Amino acid sequence: MSRTILLVHGAWLNSKSWEHWKTRYEAKGFTVVAPDWPGDEGNPVDLKAHPSKELTTHGPKDIVAHYADKIRALPEAPIIIGHSAGGVFTMHLLDQGLGVAGVAIDPAPTPGVAIPIDGALSALPVLGDPFSYGKVISMMKSFFADRFANGLPRDQVDAHFERYVVPTAGKVYWDGVLSGGAGPITWDSAIRAPL
C-alpha cells in the first residue's frame, strides 16, 4: 500500500483546511500532499481581502487535470482523500486510473445525480445569483455559521470562518450544473482503484 496521501479540498476552502489531517497522517509516517486548486493558493484571510480573479477561469475539468498532473509527478501513486467537491474530483481521478485507493468525504453530487434540496441550499451563495458564472463569490459569515459550521460550538464559528473559508469561483458550480462538471464517471471501470 502507498505511503503517500493526496488531499483534495472542496469549494470555499483551500489546503489550509487539511492542516490537522496532514499533521496526523505525517505523524503516522505518511508523506502528505495537499495542493490548492489553481488560484486558491495563500492565506484565507488574505484571499478573503483580495480574491484571486484566476479562480474565474478554472472549472471542474481544469481542477481535475491540475490534480492529475500533481499525482503523476509523485514518486508513487497516492491514496486520494477528497471532501465535498474534492470528493467528486477524487472519483474522477480514480476513474482515470490514478491513485491506489480513494476516500470521498461527504461528496457533492456527481454528474447524473440530482442535487438534493440540502445541497441546493448550500449552493445558494453561487446559484442564487444567475450572473455568478464569471465571478469570484465570497461566503457570508452568517451563511457559514448556519449551513457549513452548524455542528461547531457557536464560540468557534468566527475563528473557523477566518482561518479556513476562502472565496470560490461561480464557474465550478455552474459548470457542474450546466455542463456535467468534469464529465461522466465510469463506475464499472476495470482500471479504477477502490473507493
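Remember, predicted model here, so these are calculated numbers, not experimental data.

**Student:** How should the overall build of the protein be read in this particular structure?
**Tutor:** A tally of regular secondary structure across the protein gives nine helices and six strands. Relative to its length of 195 residues, the protein is compact, with a C-alpha radius of gyration of 16 Å against a globular reference of 16 Å. Across its three principal axes, the protein shows a C-alpha extent of roughly 40 × 40 × 30 Å. With 195 residues in all, the protein has 45% of them scored as buried. Contacts in the protein between residues far apart in sequence, at least 24 positions, make up 71% of those at least 6 positions apart. Total accessible area on the protein is roughly 9,700 Å²; 58% of this is exposed by carbon and sulfur atoms. Each charge class in the protein can be summarised by its mean position, and for the 17 positive and 20 negative side chains these summaries are 2 Å apart.

**Student:** Whenever I open this one, the sheet that holds strand β2 (residues 31–33) confuses me. Can you help?
**Tutor:** Sheet strands pair via backbone hydrogen bonds, and the direction of the pair is either parallel or antiparallel. Read across the sheet, four strands follow the order β2-β1-β3-β4 without closing on themselves; strand pairing throughout is parallel. Across the chains shown, the open sheet's two edge strands, defined by having one partner strand only, are β2 and β4 (101–105). Averaged over neighbouring strand pairs, the angle between their axes works out to 20° when direction is ignored. One ladder, built from four bridges, connects strand β1 (residues 4–8) with strand β3 (residues 79–83); its direction is parallel. From the neighbouring strand, Leu 6 faces β3, where its bridge partner is Ile 80. The sheet contacts of helix α4 (residues 85–95) involve β1, β3 and β4, and relative to β3 the element is tilted by about 150°.

**Student:** Help me out: how do you make sense of the nonpolar core in this one?
**Tutor:** Generally speaking, soluble globular proteins have nonpolar side chains that are buried together. Ranked by size, the top nonpolar core spans 35 residues in total, and within it Trp 37 and Leu 93 carry the most contacts. Elements supplying a minimum of two residues to this core: β1, α3 (60–72), α4, β5 (136–137), α7 (141–148), α8 (154–164) and α9 (170–178). Here the element with the most residues in this core is α3; it accounts for five residues. For Leu 93, the residues in contact, after removing those within four places along its chain, are Val 64, Tyr 67, Ala 68, Ile 71, Ile 80 and Leu 98. Residues Ile 5, Leu 7, Trp 18 and Ile 79 belong to the second largest nonpolar core, which totals eight residues.

**Student:** Looking at this structure, I do not really get the packing of aromatic side chains. What am I missing?
**Tutor:** Each aromatic ring pair is summarised here by two numbers: the centre-to-centre distance and the angle between the ring planes. This structure, assessed with the given rule, holds seven aromatic pairs. Ring geometry for Trp 12 and Tyr 173: centres 6.3 Å apart, planes at 50°, overall tilted. Here Trp 12, found in the loop between β1 and α1 (19–27), pairs with Tyr 173, found in helix α9; they are 161 residues apart in sequence, far enough to count as distant. The two residues Trp 12 and Tyr 173 agree in class, both being buried. Ring geometry for Trp 18 and Trp 21: centres 5.2 Å apart, planes at 90°, overall edge-to-face. Judged by relative accessible area, which is 4%, Trp 18 ranks as buried. Each member of the aromatic cluster is reached from another via a ring pair, and the members are Trp 18, Trp 21, Tyr 25 and Phe 30.

**Student:** Quick question: what am I supposed to make of the packing of α7 against α8 here?
**Tutor:** A packed helix pair is summarised by two numbers, namely the angle formed by the two axes and the spacing between the axes. In the contact formed by α7 and α8, the axes pass within 10 Å of each other and the chain directions differ by 120°. By the criterion of interaxial angle, the relationship of α7 to α8 is oblique. The handedness of the crossing between α7 and α8 is right-handed. Counted together, Lys 141, Phe 144, Ala 145 and Asp 146 of α7 and Arg 154, Val 157, Asp 158, His 160, Phe 161 and Glu 162 of α8 form the full contact between these two elements. Its residues placed into classes, the contact of α7 with α8 shows four nonpolar, one polar and five charged.

**Student:** Explain a nonpolar patch on the surface here, please?
**Tutor:** A surface patch of nonpolar side chains, amounting to about 280 Å² of accessible area, comprises Ile 115, Val 177 and Leu 178. Relative to the helices and strands, Leu 178 resides in helix α9.

Scoring rules and cut-offs
The residue numbers shown here count from 1 along each chain, following its written sequence. Residue-level local features of this predicted model are given only where pLDDT is at least 70; pairs of side-chain atoms are given and counted only at 80 or more, and the full residue set underlies all totals for whole chains, interfaces and linings. Here the side-chain values reflect all heavy atoms present in the structure, with hydrogen atoms and water set aside. Labels follow the DSSP assignment, with helices taken as runs of H or I lasting at least four residues and strands as runs of E lasting at least two, numbered in each case from the N terminus. Our radius of gyration is a C-alpha quantity, and the globule rule it is checked against amounts to 2.2 Å times the number of residues to the power 0.38. Think of it in three bands: residues with accessible area under 20% of the maximum for their type are buried, residues over 50% are exposed, and the middle band is partly exposed, with areas taken using a 1.4 Å probe on protein chains only. In this description, contact between two residues means that some pair of their heavy atoms is separated by no more than 4.5 Å. Accessibility throughout is a Shrake-Rupley quantity obtained with a 1.4 Å probe, and a residue counts as covered only by protein chains that appear here. When charges are counted, neither His nor the chain ends are considered; positive counts come from Lys and Arg and negative counts from Asp and Glu. Charged groups are reduced to one reference atom each: NZ for lysine, CZ for arginine, CG for aspartic acid, CD for glutamic acid. DSSP bridges decide pairing: two strands pair if at least two such bridges lie between them. Helix axes are fitted to C-alpha atoms over the stretch in contact, other axes to C-alpha atoms as well, and angles between N-to-C directions run from 0 to 180 degrees. We call a set of buried residues a nonpolar core when its members are Ala, Val, Leu, Ile, Met, Phe, Trp, Tyr or Cys and they connect through side-chain atoms within 4.5 Å of each other. Two aromatic rings, drawn from Phe, Tyr or Trp (for Trp, its six-membered ring), form a pair once their centres lie within 6.5 Å of each other, and the interplanar angle then sorts them: stacked below 30 degrees, edge-to-face above 60, tilted otherwise. Any angle that falls under 35 degrees is termed roughly parallel, while one over 145 is termed roughly antiparallel, one within 65 to 115 roughly perpendicular, and all others oblique. Here is the rule for handedness: rotate from the far helix to the near one, and if that takes an anticlockwise turn smaller than a right angle the crossing is left-handed, while a clockwise turn gives right-handed. Polar here means any residue outside two lists: the nonpolar Ala, Val, Leu, Ile, Met, Phe, Trp, Tyr, Cys and Pro, and the charged Asp, Glu, Lys and Arg; Gly therefore counts as polar. Only residues whose relative accessible area exceeds 30% and that take part in no salt bridge are eligible for patches, with like-charged residues grouped when within 9 Å of each other and nonpolar side chains (Val, Leu, Ile, Met, Phe, Trp, Tyr) grouped when within 5 Å. Counted as salt bridges are all cases of a side-chain nitrogen of Lys or Arg within 4 Å of a carboxyl oxygen of Asp or Glu.

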